[in-house]
Amino acid sequence: MMNRKIILIFFIILTFCLSGCAERKAKENYKVAEELMKSGNYKEAAGKYAEVIKLEKSIPEVEDAYFKLGVIYAKYLEDPNSSVHYLEELIKKYPGSTRIAEARKEVGVTYLYKLNKPDRALEQFEFIEKNNPKIGFLDEVVFLKGKALIALNNLQMAEKAFENYSIIFPSSKYLEEVEYQKCLLKLNMGKGKDAVAAYQNFLSRYPNSSYKELAKYDLGVAYENTGDLNSALETYKNVGKDYPNQDALKVKIEKLEERLKKKSKKAITRTPKAIKESRKKPQNIKAKKTTKKAKTSKNKN
């Protein structure tokens, strides 16, 4: 009986020692991985982080290793599927981790921009918005939610998502792009006059915006859609050299000038003809009346 107890105690001590050794080893590998990450050796860092997660124990180093693996594979090793795998493993195995909201965001970003699955991305962003309303990067989450809705061609919901963005997140670094996207949504939804007003407001509010030339071109399109061709042409001509597709812009200007030229020619050729016709009619009526009077006078005689 005593021998069994001794053996049991021995195994408990051995297990405890092995567990402690494994944890120390995991922490050592984590430190090495962090240094490799800082120096830009991402592949080697991923290898060390992979060693850390073998511990399968809820300690900060393991949780962070899962997260860092997700980031490395998405941003540096161009392997989005592996990125999603590690991040979703973190979410599943350690639901109480402080990294969960951030992991969900990274999963959403990967689905949206790398795997072309905006529906899956939207699920992540909406989950964070609902369950973590006070998270420090909520402005980014709402921005990404709007982008996912645009990718799904759900323009009305995207417009709603961005509606009060400037009020809720007045200092967000994404505010300028959100305001540009709001203009673009109006344009793509066929709200011509609203789009014109929105773009004018945007260009006034952000005169040095990186979206300035795109906004000017879009404003020209909005004018064109409302039938104000002269304003459209003037706007296109004011688009600067920073516009990315100068050839398309040149073609746009040439075609619009041709349209205005034809419209002008039609107006000139029609006007004299209309005047000439209007002058003929009274003379014909008068001539007919004179002939009728002459015939009546002749019959009386």
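Residues numbered from 1 in each chain as written. Predicted model: local features only at pLDDT ≥ 70, side-chain atom pairs only at ≥ 80, totals over all residues. Heavy atoms only, no water.

1. Here we look at the confidence of the model for the protein
Point 1. Per-residue pLDDT for the protein averages 87, and the proportion of residues at 70 or more is 81%.
Point 2. The model gives residues 6-19 a pLDDT under 50, and that stretch makes one contact with residues more than four places away or in other chains.
Point 3. When the criterion is pLDDT under 50, residues 267-271 qualifies, and its contacts beyond four places in sequence or with other chains add up to zero contacts. (pLDDT = per-residue confidence, 0-100. Contact = heavy atoms within 4.5 Å.)

2. With respect to helix H3 (residues 60-75)
Point 1. Taking 1.5 Å as the rise per residue, H3 with 16 residues should run 22 Å; its terminal C-alpha atoms sit 22 Å apart, in good agreement.
Point 2. Across the 16 residues of H3, 14 count as buried, placing the element largely inside the fold. (Helix = DSSP H or I, 4+ residues; strand = E, 2+ residues; numbered from the N terminus. Expected span 1.5 Å × (residues − 1). Buried < 20%, exposed > 50% of the residue type's maximum accessible area, 1.4 Å probe, protein only.)

3. Quick word on the pattern of salt bridges
Point 1. Enumeration over the complete set of coordinates arrives at 22 salt bridges.
Point 2. We note a salt bridge from Asp-64 to Lys-68, for which the minimum N-O separation is 2.8 Å. Taken together, the positions of Asp-64 and Lys-68, both in helix H3 and four residues apart, correspond to about one turn of that helix. The pair formed by Asp-64 and Lys-68 is uniform in burial state, with each residue classed as buried.
Point 3. A single salt-bridge network, built from bridges that share partners, covers Glu-34, Asp-64, Lys-68, Arg-99 and Glu-102. (Salt bridge = Lys/Arg side-chain N within 4 Å of Asp/Glu carboxyl O.)

4. A word on the nonpolar core
Point 1. With 82 residues, the main nonpolar core has Tyr-49, Tyr-165, Tyr-199 and Tyr-236 as its most contacted residues.
Point 2. If near-sequence neighbours (up to four positions away) are discounted, Tyr-165 is found in contact with Asp-139, Glu-140, Val-142, Phe-143, Pro-170, Ser-172, Tyr-174, Leu-175 and Val-178. (Core = buried A, V, L, I, M, F, W, Y, C linked by side-chain atoms within 4.5 Å.)

5. Some thoughts on the side chain of Thr-235
Point 1. Tracing the backbone shows Thr-235 in helix H13 (residues 229-237).
Point 2. Classification of Thr-235 by relative accessible area gives buried; the value is 11%.
Point 3. Those residues within four positions of Thr-235 in sequence are excluded, and the remaining contacts are Lys-216, Leu-219, Gly-220 and Tyr-223.

6. A closer look at unusual backbone geometry
Point 1. A positive phi angle is found at Glu-78, which is not glycine, with a value near 50 degrees.
Point 2. Within the element layout of this structure, Glu-78 appears in the loop between H3 and helix H4 (80-93).
Point 3. Glu-78 sits in the exposed class, given a relative accessible area of 54%.
Point 4. Despite not being glycine, Asn-153 shows a phi value in the positive range, around 65 degrees.

7. Some remarks on the packing of aromatic side chains
Point 1. Inspection of every chain in the model, using the stated rule, returns 13 aromatic pairs.
Point 2. Arranged with centres 6.5 Å apart and planes meeting at 90 degrees, the rings of Phe-162 and Tyr-165 form a pair that is edge-to-face. The same class applies to Phe-162 as to Tyr-165, namely buried.
Point 3. Above the ring of Phe-137, the side-chain terminus of Lys-105 is found at 5.0 Å from the ring centroid. (Phe/Tyr/Trp six-rings, centres within 6.5 Å; stacked < 30°, edge-to-face > 60°. Lys NZ or Arg CZ within 6 Å of the ring centre and 35° of its normal.)

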